[in-house]
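Observations on the model geometry
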Amino acid sequence: NKDNKVDYHDMWSILYGRPVYSATMSRRKFKEITKLLRFDDKSTREDRKANDKFAALRELIENVNNKFPQFYSPGFNVTIDEMLSLFRGKCPFKVFIKDKPGKYGILIRILWYAETRYILKMEVYAGKKENEPRTERGPMALVTRLVEPIKRSGRNVTTDRYYTSVDLAETLWNDFHLTLVGTLQTNRKHIPEELKNTESRPLHSSMFAFTDSDSNNPVTLVSYIVKEKPKRNLIMLSTQHMGEDVSDDEKHKPEIVLFYNSTKGGVDTVDQMARNYTVKRVTRRWPLSIFFTIIDIVCINVYTLFILNFPQWKINHPNRRLQFLRQLSLDLIKPQIEERAKNLTGLNRTVISAMEDVLGRKLESAPQIIAIPPTLVKRGIRCYCCIQEATRKKIKCDKLGKSKVICVKCQKHVCGKHSNKTVICLKCEAENDTSSD
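Residues numbered from 1 in each chain as written. Predicted model: local features only at pLDDT ≥ 70, side-chain atom pairs only at ≥ 80, totals over all residues. Heavy atoms only, no water.

Residues I256, V257, F259, Y260, T263 and K264 constitute the buried set of helix α9 (residues 255-264). Angularly, the buried residues of α9 cover 165° about the axis, an arc narrow enough to put them on a single face. (Buried < 20%, exposed > 50% of the residue type's maximum accessible area, 1.4 Å probe, protein only. Helix = DSSP H or I, 4+ residues; strand = E, 2+ residues; numbered from the N terminus. Arc of directions from axis to C-beta.)

Pasting the structure below:
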């Protein structure tokens, strides 16, 4: 409902809030849950933080990553890219990326299937680790960890220039049985000088380079002139394409470039989807911020699975993803409301009405328990009945006494003159409790 930036006092307000919030739980309970929410054993966290700055959420994100591949098998082309979980609080691995919306946040690398936007695995950048082996650092180690769910499946992986290298292409081909397509930085190793040189080359021209025919690693490089003034070329790598095929249009783009464009774009779309309908609220705790982002990512995957199974569901609705998220949220909170409906004692009538709207049925009124002791408060307030009498008799109210007793029904302060005390033995009280259960 895009209420993530609304103050929680207004969310539970009768005038400005939505009834579904008050129907689910009280404002105090929501505040306490948000305050006390943790995702690991706090007593052992400091020992784990010595080797892992992401220790507070490591177990949770590993459990989520293990679940994703169990429910969906992607197609042939998967992509590795990154998204930014916006966060401006204190965090040891917060990054700044000027090209991303929001710029400041926590970087999440993801493996996903471009056609259906299903995320298969994610890894949060948690900074450099002390005494980390060289083989576990850098783009190559990151890619090999992300592609673990599709290892030896013969699929293709598309990456951008930060990850792509000839060494990575050979590793994926030999050890993981995967092909690679991606853009290359011009300062990477193994790029021939002829591909870097752009002089005397016309616009939209291509130059190819291939490995030896005897090699077990079929790597193809292409240099494509994309701009005339100033002249700029695009260098790409592929272990899937072996020829010099180009398109027939006026730009004569190589087949590798066309394939890359069809499989790479989309992570920004997923990022936009996660931010458009998000559960993320303003917080200074980075584990809670990442937890909200994980929920948004899970909701995107769940929506993808649901539409694949029920493609005709609300197909003509202008925003069926919003309808799906609303229905999902209602299905998740109904068990909590059913449990809360078992005891309606002390609930406001507006709260009970909201619960009835969510559950779609009438709720029985709460039984009146006559043996409830009067509620005491720390500070006395003038009796409500005495004020009514003083008003009729035109007596100054400041001369009236104060009371600390509150009526159990109307919740107003009353004195001993205007209230009755009920005495009940412990045996009868126990029988009342048994009958109410």
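It is worth spelling out the packing of aromatic side chains at this point. Under the definition given, this model contains 18 aromatic pairs. Taken together, a centroid distance of 4.7 Å and an interplanar angle of 40° make the contact between F39 and F291 tilted. Within this pair, whereas F39 is found in the loop between α3 (27-36) and α4 (45-49), its partner F291 is found in helix α11 (residues 286-309), the two being separated by 252 residues in sequence. By the burial criterion, F39 is buried, and F291 matches it. With a centroid separation of 5.7 Å and 25° between ring planes, the pair formed by F54 and W286 is classed as stacked. Highlighted residues: F54 in the loop between α4 and α5 (58-71) and W286 in helix α11, separated in sequence by 232 residues. (Phe/Tyr/Trp six-rings, centres within 6.5 Å; stacked < 30°, edge-to-face > 60°.)

It is worth spelling out the pattern of salt bridges at this point. Tallying each qualifying case throughout the model produces 15 salt bridges. Close ionic contact of D3 with R18 constitutes a salt bridge, the shortest N to O distance being 2.8 Å. Of this pair, D3 sits in the segment before α1 (8-11) while R18 sits in the loop between α1 and α2 (19-24), and the two are 15 residues apart along the sequence. Since its relative accessible area comes to 16%, D3 is described here as buried. Across the salt bridge formed by E339 and K342, the nearest N and O atoms sit 3.2 Å from each other. (Salt bridge = Lys/Arg side-chain N within 4 Å of Asp/Glu carboxyl O.)

Now for the packing of helix α12 (residues 320-340) against helix α13 (residues 349-359). The contact between α12 and α13 brings their axes to 10 Å, and the two run at 130°. One element, α12, and the other, α13, form an angle in the oblique class. Remark: the crossing between α12 and α13 carries left-handed chirality. The residues of α13 that touch α12, namely those facing L330, K334, I337, E338 and R340, are V351, M355, V358 and L359. Residues that form the contact of α12 with α13 fall into these classes: six nonpolar, no polar and three charged. (Axes fitted to C-alpha atoms, helices over the stretch in contact; angles between N-to-C directions. Parallel < 35°, antiparallel > 145°, perpendicular 65-115°, else oblique. Left-handed = near helix turned anticlockwise from the far one by under 90°. Contact = heavy atoms within 4.5 Å. Nonpolar A, V, L, I, M, F, W, Y, C, P; charged D, E, K, R; others polar.)

The next thing to look at is the side chain of T220. As for its placement among the helices and strands, T220 is situated in strand β8 (residues 220-227). Taking relative accessible area as the criterion, T220 reaches 1% and is therefore assigned buried. Of the polar contacts made by the side chain of T220, one reaches the backbone oxygen of H241; its length is 2.7 Å. In contact with T220, not counting residues within four places along its chain, are F208, A209, F210, M236, L237, S238, H241, M242 and I256. (Polar contact = N/O pair within 3.5 Å; in protein donor to acceptor, adjacent residues only side chain to side chain.)

So, on to α11. The end-to-end C-alpha distance of α11 is 35 Å, a good match for the 34 Å that 24 residues give at a rise of 1.5 Å each. α11 sits mainly inside the fold: 18 of its 24 residues count as buried. (Expected span 1.5 Å × (residues − 1).)

So, about the nonpolar core. Counting residues in each nonpolar core, the largest one holds 61 residues, and the members touching the most others are F54, M122, V147 and W286. Broken down by element, this core gets its largest block of residues, nine residues, from α11. Residue contacts for F54: discarding those within four places in its chain leaves I61, F93, V124, A126, W286 and I290. (Core = buried A, V, L, I, M, F, W, Y, C linked by side-chain atoms within 4.5 Å.)

Contact geometry for α11 and α12: axes closest at 11 Å, N-to-C directions at 105°. Overall, the two elements α11 and α12 adopt an arrangement that is roughly perpendicular. Contacts between α11 and α12 involve C299, I300, V302, Y303, F306 and I307 from the former and R320, R321, F324, L325 and L328 from the latter. Along the lines of polarity and charge, the residues of the contact of α11 with α12 split into nine nonpolar, no polar and two charged.

Moving on, we come to unusual backbone geometry. At the junction of K229 and P230, the peptide bond is cis and its omega measures out at -10° in the coordinates. Despite not being glycine, K103 has its phi angle at roughly 70°, a positive value.

Here E32 lies in helix α3. A sequence separation of 143 residues divides E32 from D175, and the C-alpha atoms of the two residues are 49 Å apart.

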